[in-house]
Amino acid sequence: MDTGGDTNRLMYLWNEAFNGIKYANTVLSYIDQVKGLNEVIRNEYKGRAYFHRAMKYYNLVFEFGDVPLVTKIHRYALNKLPFNEKRKQILDMLIS
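Bear in mind that the values here come from a model prediction, so they are computed numbers and not experimental data.

## Brief notes about helix α2 (residues 39–64)
Here is step 1: Compared with an ideal rise of 1.5 Å per residue, which puts 26 residues at 38 Å, α2 spans 37 Å between its outermost C-alpha atoms and is within 8% of the ideal.
Here is step 2: Here α2 has its buried residues at Arg42, Ala49, Arg53, Tyr57, Leu60 and Val61.
Here is step 3: At the exit of α2 stands Gly65, carrying a positive phi of roughly 85°.

## So, the packing of aromatic side chains
Here is step 1: Under the counting rule described, the total for this entry stands at 4 aromatic pairs.
Here is step 2: Taken together, a centroid distance of 4.9 Å and an interplanar angle of 55° make the contact between Trp14 and Phe18 tilted. Remark: Phe18 and Trp14 occur in helix α1 (residues 6–30); sequence separation between them is 4 residues, near one turn of the helix.
Here is step 3: You can call Phe18 buried: its relative accessible area is 8%.
Here is step 4: An angle of 55° between the planes, with centres 4.9 Å apart, marks the rings of Tyr58 and Phe62 as tilted.

## Topic: a nonpolar patch on the surface
Here is step 1: On the surface, a cluster of nonpolar side chains totalling about 340 Å² of accessible area is made up of Leu10, Tyr12, Leu13 and Phe64.
Here is step 2: Ranked by the residues each element gives to the nonpolar patch, the list is headed by α1, at 3 residues.
Here is step 3: Inspection of the secondary structure assignment puts Phe64 in helix α2.

## Focus: the environment of Leu60
Here is step 1: Relative to the assigned elements, Leu60 resides in helix α2.
Here is step 2: Among the residues examined, Leu60 registers a relative accessible area of 2% and is labelled buried.
Here is step 3: Every residue in contact with Leu60, bar those within four places of it in the chain, is listed here: Trp14, Ala17, Phe18, Ile21, Gly65 and Val67.

## Focus: the packing of α2 against helix α3 (residues 87–95)
Here is step 1: Contact pair α2 / α3: the axes reach a minimum separation of 10 Å and the direction vectors enclose 155°. In terms of orientation, α2 and α3 fall into the roughly antiparallel class. Of the two possible hands of crossing, α2 and α3 adopt the one that is left-handed. For the pair α2 and α3, contact is made by Ala54, Tyr57, Tyr58, Val61 and Phe62 and by Arg87, Ile90, Leu91, Met93 and Leu94, respectively.
Here is step 2: A per-class count over the contact of α2 with α3 returns 9 nonpolar, no polar and 1 charged.

Parameters and conventions
Every chain begins its residue count from 1, and numbering advances along the sequence as written. Under the rules for a predicted model, residues below a pLDDT of 70 receive no local features and side-chain atom pairs below 80 are neither given nor counted, while totals for whole chains, interfaces and linings still include all residues. To obtain the side-chain values, all non-hydrogen atoms of the structure were used and water was disregarded. Counting from the N terminus, the helices are the DSSP runs of H or I reaching at least four residues and the strands are the DSSP runs of E reaching at least two. An expected span of 1.5 Å times one less than the residue number is assigned to each helix. When accessible area is computed with a 1.4 Å probe and restricted to protein chains, residues below 20% of their type maximum are described as buried, those above 50% as exposed, and intermediate ones as partly exposed. Pairing of aromatic rings covers Phe, Tyr and the six-membered ring of Trp, with a centre-to-centre limit of 6.5 Å; geometry is then stacked below 30 degrees between planes, edge-to-face above 60, and tilted otherwise. Here a patch means residues that are over 30% exposed by relative accessible area and free of salt bridges, tied together within 9 Å if like-charged and within 5 Å if nonpolar (Val, Leu, Ile, Met, Phe, Trp, Tyr). For every accessible area listed, the method is Shrake-Rupley and the probe measures 1.4 Å; residues are considered covered only by the protein chains on display. Any carboxyl oxygen of Asp or Glu within 4 Å of a side-chain nitrogen of Lys or Arg constitutes a salt bridge here. Here a residue-residue contact requires only that any non-hydrogen atoms of the pair lie within 4.5 Å. To obtain an axis, a line is fitted to C-alpha atoms, over the contacting stretch when the element is a helix, and the angle between two such axes runs from 0 to 180 degrees between their N-to-C directions. Angular relationships are summarised with four words: roughly parallel below 35 degrees, roughly antiparallel beyond 145, roughly perpendicular across 65 to 115, and oblique for the angles in between. In a left-handed crossing the near helix is turned counterclockwise from the far helix by less than a right angle, and in a right-handed crossing that turn is clockwise. Note that Gly is not counted as nonpolar here; it falls among the polar residues with everything else outside the nonpolar set of Ala, Val, Leu, Ile, Met, Phe, Trp, Tyr, Cys and Pro and the charged set of Asp, Glu, Lys and Arg.

By themselves, these observations are geometric and do not establish any function.
Structure representation (structure tokens):
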């Protein structure tokens, strides 16, 4: 069955979104452990990480609907996550 390349495009969007979420979660998990980092700079990096994670989730929920909500670093594969959060719950998290 020819999908016109849509399957590859969707997989690319999915993978890139969750890579960005992974990077944002990594920054948020470790930024407070960086010694000697100015508090203003620390907060700027946190703000950027929250923004990028929110943008990735915003794109995901409007492209796919319910998706896994990952807000911490996970050691297992994303496709093994046993849950999907409702789109409204994710959008509420983005607003807060």
